[in-house]
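Residues per chain are reported as follows:
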Amino acid sequence: MKRRVVITGLGLVTPIGLGRQAFWEATGRGDSGVGPVTRFDAHRLPTQIAAEVKGFEPTDFLDRKTARRSDRFTQLGVAAARLAIADSGLNLEAEDRDRIGVWVGTGIGGIETYDQQHKVLAERGPDRINPFFIPMLICNMAGSQIAIEFGLKASNSCIVSACATATNAIGESLRILQRGEADVMLAGGTEASITELAFAGFCAIKAMSTRNQEPTKASRPFDRDRDGFVMGEGSGVLILETLEHAQKRNAHIYAELVGYATNCDAFHVVQPDPEGRGAIKAMSDAVKDSDCQLTEIDYINAHGTSTDLNDQMETKAIKAVFGGHASKLAVSSTKSMTGHLLGASGAVELIATSLAVVNQWIPPTINYENADPACDLDYVPNQGRPALIRYALSNSFGFGGHNATVVIRRWEES
């Protein structure tokens, strides 16, 4: 019998706020986290805007030596984990840490370190390479550093599935808990790829917005005039627990995690299947796994990247899955505010979805000004609104054709 799994802690480091409260208040206002790039000189590139994390000080979350030996993606990941643990009220001193695991993934990993050390090699030679270069670079180090910081010794792994990364990490953590292999999992994703090299790569495939003169309006999912995604950075970590464990310690429960599905388009390295077959199956299977009916889903936090192909495909897939109910669904993209956090996006968006369910309030899709005939659902344009939400769904679709969907249910004590 599958164990029930609940969400008891939320930790975020995002372009619109650090921590649950700041993030949710910014979401309520419809803030944009997008502005001119400050982390490097972007004048040579067609895209010169990004959603950067502001006011983040690594030593608020890590000791100075560890912070210096960690790439920014690891720093952000540890910070989100520390915030999530504090939010959950977990007393680690009283817990069996052999029964607490970590699955925190990243889409790209330590590219800032790679960029810096490549320049050191070219300009100063191999003898000057940082001895921590490899540990700072590799993708598993955020999850590993979280485990080291808190002494967490159960399953620890790093999924890399592009923009589906965090949702896959959360879904696989759900399975670990359902099977009884752990009592608690820290699950999510982290990303810090606002570097000249990463920007040059995404610009080369013409994936990013070039609305440099209006940065706060650049991320505009489902809008007719969208011209690409806006890169963001940040991290999201959720505390997942078996219901039995959460109730035993009288934990505050945000929502129940009830469904998960994942698959692959097997179609193209960067383009989604235009018919949305993988997305359709991911949503259908996740709803089936949750044991709810399609008509019981009230809200979808869309992948909604503000790219032409993705937004059309996701709209088509939602309509295919939900039929007539699609027109009654609220669908919004919080990427309109945070930008696209790549491997961290699924975790931040599931946190937004969880808070929507808790507060019975749907976050908006900001910058929605002109309807696209191919995108004709209720995208909650520009202003959030109260709504009855019992079940909600969050989508993540990544380069390489990775699709992942999770379903949560409103927690009711009865």
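Look above for the structure.
Below: a short report on this structure. None of the values given here were measured: they were computed from a predicted structure.

1. Some remarks on the layout of surface pockets
Over the atoms rolls a probe the size of a water molecule, and in doing so it shows where empty space is left.
Phase 1 of the analysis: When its volume is computed, the largest pocket comes out at roughly 560 Å³.
Phase 2 of the analysis: Lining of the largest pocket is provided by 32 residues; of these, Ala-207, Val-270, Gln-271, Thr-307 and Phe-399 occupy positions nearest its centre.
Phase 3 of the analysis: Residue assignment for the lining of the largest pocket shows that the elements contributing at least two residues are α11 (308-322), β14 (391-398) and β15 (402-410).
Phase 4 of the analysis: Counting residues per element, the lining of the largest pocket draws most heavily on α11, which supplies three residues.
Phase 5 of the analysis: For the lining of the largest pocket, the residue count by class is 13 nonpolar, 14 polar and five charged.

2. Things to note about the nonpolar core
Phase 1 of the analysis: Core analysis: the biggest nonpolar cluster contains 47 residues, and Ile-7, Ile-170, Leu-238, Leu-240 and Ile-408 have the highest contact counts within it.
Phase 2 of the analysis: Counting residues per element, this core draws most heavily on helix α13 (residues 345-359), at eight residues.
Phase 3 of the analysis: The contact partners of Ile-408, leaving out residues within four places of it in the chain, are Ile-7, Ala-255, Glu-256, Leu-257, Val-258, Leu-350, Thr-353, Ser-354, Val-357, Arg-390, Tyr-391 and Ala-392.
Phase 4 of the analysis: In terms of nonpolar packing, the next biggest core, distinct from the first, is built from 29 residues, Phe-56, Ala-79, Leu-92 and Val-104 among them.

3. Some remarks on helix α4 (residues 111-124)
Phase 1 of the analysis: With 14 residues, α4 should reach 20 Å at 1.5 Å per residue; the first-to-last C-alpha distance of 19 Å fits that figure.
Phase 2 of the analysis: Residues of α4 that are buried: Ile-111, Glu-112, Thr-113, Asp-115, Gln-117 and Val-120.
Phase 3 of the analysis: Elements that come into contact with the buried residues of α4 comprise α3 (72-88), α5 (133-137) and α8 (196-204).
Phase 4 of the analysis: The first or second residue beyond α4 is Gly-125, which carries a positive phi of 95°.

4. Structural notes on the pattern of salt bridges
Any two side chains of opposite charge can pair, so long as their charged atoms come close to each other.
Phase 1 of the analysis: Under the defined criterion, the tally for this structure stands at 29 salt bridges.
Phase 2 of the analysis: Across the pair Arg-82 and Glu-149 runs a salt bridge, and its minimum N-O distance is 3.0 Å. Highlighted residues: Arg-82 in helix α3 and Glu-149 in helix α6 (residues 141-150), separated in sequence by 67 residues.
Phase 3 of the analysis: Assessed through its relative accessible area of 29%, Arg-82 is described here as partly exposed.

5. As for the packing of helix α1 (residues 20-29) against α13
Phase 1 of the analysis: Contact pair α1 / α13: the axes reach a minimum separation of 11 Å and the direction vectors enclose 75°. Considering the angle they form, α1 stands roughly perpendicular to α13. Contacts from Arg-20, Phe-23 and Trp-24 in α1 reach Val-348, Ala-352, Leu-355, Ala-356 and Asn-359 in α13.
Phase 2 of the analysis: In the contact of α1 with α13, the residues fall into six nonpolar, one polar and one charged.

6. Observations regarding α6
Phase 1 of the analysis: Burial within α6 is extensive, with eight of its ten residues counted as buried.
Phase 2 of the analysis: For α6, the full list of buried residues reads Met-141, Ala-142, Gly-143, Ser-144, Gln-145, Ile-146, Ala-147 and Phe-150.
Phase 3 of the analysis: Packing partners of the buried residues in α6 comprise α2 (64-68), α3, β5 (100-105), α5, β6 (156-157) and β7 (184-191).
Phase 4 of the analysis: Downstream of α6 by one or two residues, Gly-151 has phi in the positive range, about 65°.

7. Quick look at the pairing of β7
Phase 1 of the analysis: Of all eight residues that make up β7, eight are buried, and the element is covered over most of its length.
Phase 2 of the analysis: Burial along β7 is two-sided: Val-184, Leu-186, Gly-188 and Thr-190 and Met-185, Ala-187, Gly-189 and Glu-191, pointing in opposite directions, are all buried.
Phase 3 of the analysis: Two elements, β7 and strand β8 (residues 234-242), share eight bridges in a ladder whose sense is antiparallel. Looking across to β8, one finds that Gly-188 is bridged to Val-237.

8. Regarding a nonpolar patch on the surface
Phase 1 of the analysis: Residues Ile-205, Val-269, Val-270 and Phe-399 make up a contiguous nonpolar surface patch of roughly 330 Å² in combined accessible area.
Phase 2 of the analysis: A relative accessible area of 61% means that Val-269 is categorised as exposed.

9. Details of the side chain of Asp-71
Phase 1 of the analysis: Position of Asp-71 among the secondary structure elements: in the loop between α2 and α3.
Phase 2 of the analysis: There is no salt bridge for the buried Asp-71, and the closest opposite charge comes from Arg-72, which lies 7.6 Å off by N-O distance.
Phase 3 of the analysis: If sequence neighbours within four positions are ignored, Asp-71 has contacts with Gly-109, Gly-110, Ile-111, Glu-112, Thr-113 and Met-136.

10. Structural notes on the environment of Ser-155
Phase 1 of the analysis: Turning to its location among the elements, Ser-155 is positioned in the loop between α6 and β6.
Phase 2 of the analysis: The class of Ser-155 is partly exposed, set by a relative accessible area of 30%.
Phase 3 of the analysis: Taking the C-alpha atoms as reference, Ser-155 lies 7.8 Å from Ala-182; in sequence the two are 27 residues apart.
Phase 4 of the analysis: Polar contacts involving the side chain of Ser-155 include one to the side chain of Trp-103, which spans 2.8 Å.

11. Examining the pairing of strand β1 (residues 5-14)
Phase 1 of the analysis: Taken across its ten residues, β1 has ten buried, putting it largely inside the fold.
Phase 2 of the analysis: Two elements, β1 and strand β9 (residues 255-264), share three bridges in a ladder whose sense is antiparallel. The residue bridging Ile-7 from the neighbouring strand is Ala-255, located in β9.
Phase 3 of the analysis: Of the strand pairs in this sheet, β1 and β8 are connected by eight bridges, and their pairing is antiparallel.

Calculation rules
- Residue positions are counted from 1 within each chain, in the order its sequence is given.
- The predicted nature of this model means local features are confined to residues of pLDDT at least 70 and side-chain atom pairs, given and counted, to a pLDDT of 80 or more, with totals for whole chains, interfaces and linings taken over all residues.
- Each side-chain value is worked out from all heavy atoms of the structure, with water and hydrogens disregarded.
- Buriedness of a pocket was judged along seven lines, with at least five required to meet protein on both sides within 12 Å; pockets are open sets of points on a 1 Å grid over the protein atoms alone, cavities are sets where a 1.4 Å probe fits but cannot get out, and lining residues have an atom within 4 Å of a point.
- Grid points are joined across faces, edges and corners, and a volume is the space filled by probe spheres set on the points.
- A run of H or I in DSSP counts as a helix once it spans at least four residues, and a run of E counts as a strand once it spans at least two, with each numbered from the N terminus.
- Each residue receives one of three labels: charged for Asp, Glu, Lys and Arg, nonpolar for Ala, Val, Leu, Ile, Met, Phe, Trp, Tyr, Cys and Pro, and polar for the others, Gly being one of them.
- Joining through side-chain atoms within 4.5 Å is the link that ties buried Ala, Val, Leu, Ile, Met, Phe, Trp, Tyr and Cys residues into a set, and such a set is a nonpolar core.
- Exposure is judged per residue with a 1.4 Å probe applied to protein chains only, and the accessible area is read against the type maximum: over 50% gives exposed, under 20% gives buried, and values in between give partly exposed.
- Working rule for contacts: check all heavy atoms of both residues, and any pair within 4.5 Å makes them a contact.
- Between the first and last residue of a helix there are one fewer steps than residues, each counted as 1.5 Å, and that sum is the expected span.
- Just to be clear on terms, a salt bridge is a Lys or Arg side-chain nitrogen sitting within 4 Å of an Asp or Glu carboxyl oxygen.
- An axis is simply a line fitted to the C-alpha atoms; with a helix, the fit covers only the stretch in contact. Between two such axes, the angle follows the N-to-C directions and lies from 0 to 180 degrees.
- Oblique is the label for any angle not covered by the other classes, which are roughly parallel (under 35 degrees), roughly antiparallel (over 145) and roughly perpendicular (65 to 115).
- Should DSSP find at least two bridges between two strands, the strands are regarded as paired.
- Excluding any residue in a salt bridge, patches collect residues exceeding 30% relative accessible area, merging like charges within 9 Å and nonpolar Val, Leu, Ile, Met, Phe, Trp and Tyr side chains within 5 Å.
- Here the open area of atoms and residues is found with the Shrake-Rupley method and a 1.4 Å probe, where only the protein chains shown may cover a residue.
- As used throughout, the charge tally considers Lys and Arg to be positive and Asp and Glu to be negative, leaving His and the chain termini uncounted.
- Throughout this description, a polar contact denotes any pair of N or O atoms lying within 3.5 Å of each other; where both atoms belong to protein, one of them has to be capable of donating a hydrogen while the other can accept it, and for residues adjacent in sequence the pair is counted only when both atoms sit in side chains.

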